[in-house]
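Residue-level structural notes
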Amino acid sequence: MNFTLPQATVDAREVDALILALTLASLIVLVLVFGLMARYMVKYRAGSPIDRGKPPQKTWRLEISWTIATLAAFFGLFIWGADLYVRLFQPPANALQIYVVGKQWMWKVEHPGGQREINALHIPIRQPVQLVMTSEDVIHDFSVPAFRIKHDVLPGRYETLWFTAEKAGVYHLFCTQLCGEGHASMIGQVVAIEPEEYERWLGGGAKGETFVEAGADVFRRHGCGGCHGDQGAGGIGPALAGLYGAEVKLADGAIVKADEAYLRDCIITPQKRRVAGYPEIMPSFAGQIDEEHLLKLIAYIKSLKRKAPS
């Protein structure tokens, strides 16, 4: 543990408290076990005058108490850790989504408004931020020690994590998974600023198309509307409007939730999770759409809403 690191997020203090509790519990058990071993090594050493002829009485109450106390302590720590882990991967509904793509050897960041960064991530403080991450090549690992976050970024999959920064400042960003000869240079910074300053930064940065606008362009260029309708209303293929977050019945009878990973599979490996009631005609776009454009296409699909009945 590095006690000099700032606790820059809401959960950093709890993560540190959990690590400290685990360390103290382990030290207590270590001292007790090795203390008893040392005591009996001295007590029954060669040449000790102690009487060895009388067998000691069984101490079942002491042994049971010791076992139950140890089990309860470590089981309590396990429940605490599991609860914290689940909370760290359940972002609130109002979280700001920012997209991160790892590539040898850089972090490419894009904000919903189209602002892009390389090896830098600007975020507002006191606002939940969710990162949607993937890799273009090999396994990377997104780590911000001051936030107490560290998560693998895998090729072909979407990984998410979220946090709420409490303190403004500039914090180190590392890749902590050996990813090639340039691994040591895959570093950056997270710039946590006041919400008003973040809005000014968004307005003053190099802005391109929004994620949804860029995704709509990908949708048109690849002819997705030919099967799914211009606004994702459906046709030969299933309707995309209102699909995100809904439950989908597959051809094999399984029911799945249409999240980012499901949408990605439908585009890259469509036969993996084919929708029930539709012909097997969806082509694979593997190798035709890179990860950055795939994220934008999925953002566009997520934005499509069902029209209210008139």
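Residues numbered from 1 in each chain as written. Predicted model: local features only at pLDDT ≥ 70, side-chain atom pairs only at ≥ 80, totals over all residues. Heavy atoms only, no water.

**Here we look at the sheet that holds strand E9 (residues 169–175)**
Across the sheet, which stays open at both edges, the five strands sit in the order E4-E10-E9-E6-E7 with mixed pairing between neighbours. On the outer flanks of this sheet lie strand E4 (120–124) and strand E7 (149–153), each paired with one strand and no other. Pairwise comparison of adjacent strand axes, ignoring direction, gives a mean angle of 20 degrees for this sheet. One ladder, built from two bridges, connects strand E6 (residues 140–144) with E9; its direction is antiparallel. Its bridge partner lying in E9, Phe142 is registered against Cys175. Packed on one face of the sheet, helix H3 (residues 195–204) meets E4 and strand E10 (187–193) and runs near 130 degrees to E4. (Pairing = 2+ DSSP bridges. Helix = DSSP H or I, 4+ residues; strand = E, 2+ residues; numbered from the N terminus. Axes fitted to C-alpha atoms, helices over the stretch in contact; angles between N-to-C directions. Contact = heavy atoms within 4.5 Å.)

**Observations concerning the pattern of salt bridges**
Taken as a whole and assessed by the stated rule, the structure comprises 18 salt bridges. Between Glu292 and Lys108 there is a salt bridge, with its nearest N and O atoms 2.5 Å apart. In this pair, Glu292 sits in helix H7 (residues 291–303) while Lys108 sits in strand E2 (residues 106–110), placing the two residues 184 residues apart along the sequence. With a shortest N-O distance of 2.5 Å, Glu291 and Arg264 are connected by a salt bridge. A residue pair is termed long-range when its members are at least 10 positions apart, and Glu291 in helix H7 and Arg264 in helix H6 (residues 260–268) qualify at 27 residues. Given a relative accessible area of 10%, Glu291 falls into the buried group. Look at Arg264 and you get buried, because its relative accessible area is 9%. Three or more residues joined by partner-sharing salt bridges are found here, namely Glu14, Asp83 and Arg87. (Salt bridge = Lys/Arg side-chain N within 4 Å of Asp/Glu carboxyl O. Buried < 20%, exposed > 50% of the residue type's maximum accessible area, 1.4 Å probe, protein only.)

**A word on the packing of H6 against H7**
Where H6 contacts H7, the two axes come as close as 10 Å, and the packing angle between them is 115 degrees. Where H6 crosses over H7, the two elements pack in a sense that is right-handed. Seen from H6, the contacting residues are Glu260, Leu263, Arg264, Ile267 and Ile268; seen from H7, they are Glu291, Leu294, Leu297, Ile298, Ile301 and Lys302. Its residues assigned to classes, the contact of H6 with H7 comprises seven nonpolar, no polar and four charged. (Left-handed = near helix turned anticlockwise from the far one by under 90°. Nonpolar A, V, L, I, M, F, W, Y, C, P; charged D, E, K, R; others polar.)

Structural measurements only, silent on function.
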